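# Report on the structure
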Amino acid sequence: MIKVLSRPRPFLGEHAAPFSAFLTDSFGRRHSYLRISLTERCNLRCQYCMPEEGVPLTPKADLLTTEEILTLARLFVKEGVDKIRLTGGEPLIRPDVVDIVAQLRQLEGLRTIGITTNGINLARLLPQLQKAGLSAINISLDTLVPAKFEFIVRRKGFHKVMEGIHKAIELGYSPVKVNCVVMRGLNEDELLDFVALTEGLPLDVRFIEYMPFDGNKWNFKKMVSYKEMLDTLRQQWPELEKLPEEESSTAKAFKIPGFRGQVSFITSMSEHFCGTCNRLRITADGNLKVCLFGNSEVSLRDHLRAGASEEELLRVIGAAVGRKKRQHAELFLMRQDSPPALPSTFRNSLRVQVLRHRVSFSSQMVTLWKGGGVPQAPLVAQRWLGSSLPQRHFSSHLDSDANPKCLSPTEPQAPAASSGPLPDSDQLTHVDTEGRMAMVDVGRKPDTERVAMASAVVLLGPVAFKLIQENQLKKGDALAVAQLAGIQAAKLTSQLIPLCHHVALSHVQVQLELDRTRHAAVIQASCRARGPTGVEMEALTSAAVAALALYDMCKAVSRDIVLAEIKLVSKTGGQRGDFHRT
C-alpha cells in the first residue's frame, strides 16, 4: 500500500518518524539496509559472476553521479536505513570512493558504512577509507591456492588480496569478513583450510552457496549445500558450535572454541532467508531492486533527473517495496533436476541474460511534473514498477568467438541464386522415396538470417490465475520457471525433435503476459540464428515447453488447465520466403 503524505515536506528535511512506512513491505519486513552499486566495472572476471569477455556496460551518462548517489542515500537514511554497503562491480575502482564514504559518514542516523571488494586495491586505499569512516569490510576470496585463484578470476592478484586482508586486520577491523563462493569440483576441497585461518586471525569466513546469475552458466550439480559443508567441518571439528543468529542476518554463524575468528554459511539456495530480508539495492544506473533475484526494477535516476520531489520519490519507492514478493524466484531450482548437458563447445558459447528495459522516460516525467501532478498509479506501475501482468525478457547470446556457421559444409559454397520465394512443397521433406524417415541435407543451402516467432496460450482458470498473479504458488514463481524452460527448450530442440538440425541460436526471447479476461497466460517465443535452416521448430518448441512448465507449476492447484493455440506466428529468411499469420 502506498502511503499518502498529508502535507508536503521540504526536500530532505527533518525526520518525521523513526522509520518510514515507505520502506515496509506488505509482509511487514522493514528495510533498513541499503546496498549501492558504485560501478558496473570490475577488474576481475570471476567465473561464477560474469562471462570472460565481460558484460555490456551502461553509457557513463546513464550512471548515477556522486551527487545523485548521496541524494538517494540521504533520503533512504532519513526514512530509516541505518546501514549502507557499497558494492559494484568493484567499488574500489571508482576514483571518488573515498569521498563518497566521507560524505556518507555525515548522515545522521547511519550507523554502518560497509564495502564489498575483491581486495585487489584494498591495501592501498584502506587507510584513507578508514579515516573517511568505513566501518565494515567484506573481501571476496574463493581459494587459497594462487594458481587456482588465477583460474577462477581469470586474472592475477592473489597476493594483493591477501595483503588487503592483513591490512584490514592491522588497522583493527574485527571481524574481517571473507566471502567464499563454494563450487563443487573447484574449491570445496579447501573448506578446512579456510576454517583453519580463523584459529589465529579475527576473520569471519563466510561460505556462500553457489547461486545463479546472468552469464555464470549455473548448474545445480556445482552447488555444495550448507548441510554438506557443515558435515565436512564437523568431521574435523566436532566441537563446532552454533552462534545465536542476529536479527535479519543472512548468515548462519559457527565458532570453534578457542579460535579467534568464526565461520558462517550464506544459504541462499538451500535455506533461504527471505522472511527476514531487510535489504534494498540501487544499481549503478540508478535502478531500485527490492530483491536480488527479482527482475522488477524502477529507475530512481530518471525520476531524480526529471525533477522529482522527495514526496514523489517516496511514492515510487514505497510502491516498489510494497510489491516485494514473499520469497525470491530462483528457489524452484532446488527442486528441479539440472538441465541436460550441452556439448561443451556449444554450452560455453551461450549465456542467458536478463534484459532490463533501459528506455528513459525522463522527458515524459518532466512534462508530467511540470504539469502540476505526480503520475498516477497506473502510469507509474506500468512503466516503472512492472505491470501486474508481468513481462520479463530473457535472451541467449553467442560469444564473439563462437562459430555461427557450424552447419556449413567444409568447403565454401557459392550462394544459391535467388529467384524469389519457393512455393510450399507438396512432398514431406523428412521422408525419402521409399517412405522411410530421412534428415534433410542442408549442406548446400546458403546461410541467411532466420527469425521465427511462435505463441501458445495456457487457460489456467481463476484459482491458478490468481495464485500466479500474486506469486503465491508453493512451487515458486511460475512465470520465471516457464520462461527459463522455454529458453532451455529452444536450445535443445534438436535433441527433442529427432530430425531437426542443431542450430546455433544467436537470440532467444520468451515473454509471458497474463490475460485477465480469459484467466490465461499468453506465451510468445522468438528465436534468431544465421544459418542454412530455419528456426520455426525452435520457436514452437520453446512456446510449447514453456506452456508445459506452466502446467507443471500449477497442476497441484488445478488439473482443469488447457494448453491451446500453439502456433507459428511468423518466420523470415529461407528460400520459401516469409510467413506472417494474419
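In this convention, every chain numbers its residues from 1, walking through the sequence in written order. Local features in this predicted model are restricted to residues whose pLDDT is 70 or higher, and side-chain atom pairs enter the listing and the counts only when it is 80 or higher, whereas totals over whole chains, interfaces and linings include all residues. Note that water and hydrogens are dropped before the side-chain values are worked out from all heavy atoms of the structure.

Per an unreviewed UniProt entry, the chain goes by the name Molybdenum cofactor biosynthesis protein 1 and belongs to Bos indicus x Bos taurus. UniProt positions are given in the numbering used here, feature names are shortened, and annotations may be inferred rather than shown by experiment. The record held by UniProt for the chain lists under Cofactor (unreviewed entry) the comment "[4Fe-4S] cluster".

Secondary structure assignment for the chain yields 16 helices and 19 strands. Buried positions account for 49% of the 582 residues belonging to the chain. Considering only residue pairs separated by 6 or more positions, the chain has 75% of its internal contacts joining residues 24 or more positions apart. The helix count covers DSSP runs of H or I at least four residues long, the strand count covers runs of E at least two residues long, and both are numbered beginning at the N terminus. Relative accessibility thresholds used throughout: buried, under 20% of the residue-type maximum; exposed, over 50%; partly exposed, between the two (1.4 Å probe, protein chains only). Pairs of residues are marked as contacts when any of their non-hydrogen atoms sit within 4.5 Å.

What follows concerns the sheet that holds strand β11 (residues 287-289). Read across the open sheet, the 12 strands follow the order β7-β8-β9-β6-β5-β4-β3-β2-β1-β10-β11-β12; overall the sheet is mixed. Each of the sheet's edge strands pairs with one partner strand only, and the pair in question is β7 (241-242) and β12 (297-299). In this scheme, strands are said to pair when DSSP sees at least two bridges between them. Pairing geometry for strand β2 (residues 83-87) and strand β3 (residues 112-117), over 4 bridges, is parallel. What sits directly across from Lys 83, in β3, is Thr 112.

Okay, the packing of helix α1 (residues 66-78) against helix α2 (residues 97-104) next. Here the axes come from fitting lines to C-alpha atoms, over the contacting stretch only for helices, and the angles between their N-to-C directions go from 0 to 180 degrees. Two elements in contact, α1 and α2, have axes whose closest approach is 11 Å; the angle formed by their N-to-C orientations is 25°. In terms of orientation, α1 and α2 fall into the roughly parallel class. The interaxial crossing formed by α1 with α2 has right-handed handedness. Between α1 and α2, the contacting residues are Thr 66, Ile 69, Leu 70 and Ala 73 on the first element and Ile 100, Gln 103 and Leu 104 on the second. Note on terminology: angles under 35 degrees are roughly parallel, angles over 145 are roughly antiparallel, angles of 65 to 115 are roughly perpendicular, and the others are oblique. For a crossing to be left-handed, the near helix must be turned anticlockwise from the far one by less than a right angle; the clockwise case is right-handed.

Now for the packing of aromatic side chains. Here the distance between the centres and the angle between the planes together describe a pair of aromatic rings. Stacked, tilted and edge-to-face are the three classes assigned to paired rings of Phe, Tyr and Trp, where Trp is represented by its six-membered ring and a pair needs centres within 6.5 Å; plane angles under 30 degrees give stacked, over 60 edge-to-face, the rest tilted. All told, the structure shown has 6 aromatic pairs when counted by the stated rule. For the pair Phe 194 and Phe 207, a centre-to-centre distance of 6.2 Å together with 90° between the ring planes defines the contact as edge-to-face. Taken together, the residues span a long stretch of sequence, with Phe 194 in helix α6 (residues 191-197) and Phe 207 in strand β6 (residues 203-209) at a distance of 13 residues. Where Phe 207 meets Phe 265, the ring centres are 5.9 Å apart and the plane angle is 40°; that geometry is what we call tilted.

Once that is clear, we can look at helix α13 (residues 462-469). What sets the pattern is the α-helix's 3.6 residues per turn: residues three or four places apart point alike. Within α13 the residues assigned to the buried category are Ala 464, Phe 465 and Ile 468. End-on view of α13: buried residues confined to an arc of 105°, all on one side of the axis. Residues of α13 that are exposed and point more than 90 degrees away from the buried face comprise Pro 462 and Val 463. Where the residues of α13 are buried, they touch α14 (478-491), β16 (507-515), β17 (520-531) and α16 (536-554). Note on α13: the residue one or two positions beyond its end, Asn 471, has a positive phi of about 55°. Directions pointing from the helix axis toward each C-beta atom define the arc.

Across the sheet, which stays open at both edges, the 5 strands sit in the order β16-β17-β15-β18-β19 with antiparallel pairing between neighbours. Each edge of the sheet is formed by a strand with only one pairing partner; in this case those strands are β16 and β19 (579-580). Where strand β15 (residues 448-459) lies against strand β18 (residues 562-572), 8 bridges are found, and the strand directions are antiparallel. Opposite Ala 454, over in β18, you have Leu 568 as the bridge partner. Seen against the sheet, α16 touches β15, β16, β17 and β18 and runs at an angle of roughly 25° to β15.

Take the side chain of Lys 289 next. As for its placement among the helices and strands, Lys 289 is situated in strand β11. Side chain to side chain, Lys 289 and Glu 297 meet in a polar contact 3.4 Å long. Those residues within four positions of Lys 289 in sequence are excluded, and the remaining contacts are Leu 280, Arg 281, Thr 283, Gly 294, Ser 296 and Glu 297. Two N or O atoms form a polar contact when they lie within 3.5 Å of each other; inside protein one atom must be a possible hydrogen donor and the other a possible acceptor, and for residues adjacent in sequence the pair counts only when both atoms belong to side chains.

We now examine α2. Within α2 the residues assigned to the buried category are Val 97, Ile 100, Val 101 and Leu 104. Take α2 and look down its axis: the buried residues cluster within an arc of 100°, on one side only. Looking at the buried positions of α2, the neighbouring elements they touch are α1, β2, β3 and α3 (122-132).

Let's shift gears to the nonpolar core. Grouped together as the largest cluster of nonpolar side chains are 93 residues, with contacts concentrated most on Phe 76, Ile 84, Leu 104 and Phe 207. The element best represented in this core is α1, accounting for 7 residues. Apart from the residues lying within four places of it in its own chain, the contact partners of Phe 207 are Cys 180, Val 182, Leu 191, Phe 194, Val 195, Met 229, Leu 233, Ser 264, Phe 265 and Ile 266. Within this scheme, the nonpolar core is defined by two criteria: the residues are buried Ala, Val, Leu, Ile, Met, Phe, Trp, Tyr or Cys, and they are joined through side-chain atoms within 4.5 Å. Of all hydrophobic cores here, the second largest spans 37 residues; its members include Ala 454, Ile 468, Val 535 and Ala 547.

So, on to the side chain of Glu 538. Tracing the backbone shows Glu 538 in helix α16. When charges are counted, Lys and Arg contribute as positive and Asp and Glu as negative, whereas His and the chain ends are disregarded. Each salt bridge in this description consists of a side-chain nitrogen of Lys or Arg and a carboxyl oxygen of Asp or Glu lying within 4 Å of one another. It is Arg 450 that comes nearest to the buried, bridge-free Glu 538 among opposite-charge side chains, at 9.6 Å. Ignoring sequence-local partners within four residues, the contact set of Glu 538 consists of Ala 490, Thr 493, His 501, Val 503, Leu 505 and Cys 527.

A few words now on unusual backbone geometry. Between Gly 88 and the following residue, Gly 89, the backbone shows a cis peptide bond with an omega angle of 5°. Structurally, Gly 89 is set in the loop between β2 and α2. Backbone torsion omega between Ser 174 and Pro 175 reads 0°, so that peptide bond is classified as cis. Along the chain, Pro 175 turns up in the loop between α5 (158-170) and β5 (176-182).

What follows covers the environment of Ala 546. Tracing the backbone through its elements, the reader meets Ala 546 in helix α16. Judged by relative accessible area, Ala 546 falls into the buried class, the value being 0%. Spatially, the C-alpha atoms of Ala 546 and Val 458 are 9.6 Å apart, while their sequence positions differ by 88 residues.

Turning next to the pattern of salt bridges. Summed over all chains, the structure comprises 21 salt bridges. Residue Glu 190 pairs with Lys 148 through a salt bridge whose shortest N-O separation is 2.9 Å. Of this pair, Glu 190 sits in the loop between β5 and α6 while Lys 148 sits in helix α4 (residues 146-153); the two residues are 42 residues apart in sequence, bridging distant segments of the chain. Grouping residues by exposure puts Glu 190 and Lys 148 together as buried. For Lys 466, the salt bridge identified is with Glu 470, shortest N-O distance 3.9 Å. Salt bridges here are not isolated pairs; linked through shared partners, they connect Lys 78, Glu 79 and Glu 310.

Following both chains from N to C, one finds α2 and α3 inclined at 20°, their axes separated by 8 Å at the closest point. What the angle tells us is that α2 and α3 run roughly parallel. Here α2 runs over α3; the crossing is right-handed. Each of Val 97, Val 98, Val 101 and Ala 102 in α2 lies in contact with α3, whose residues at this interface are Gln 128, Leu 129 and Ala 132.

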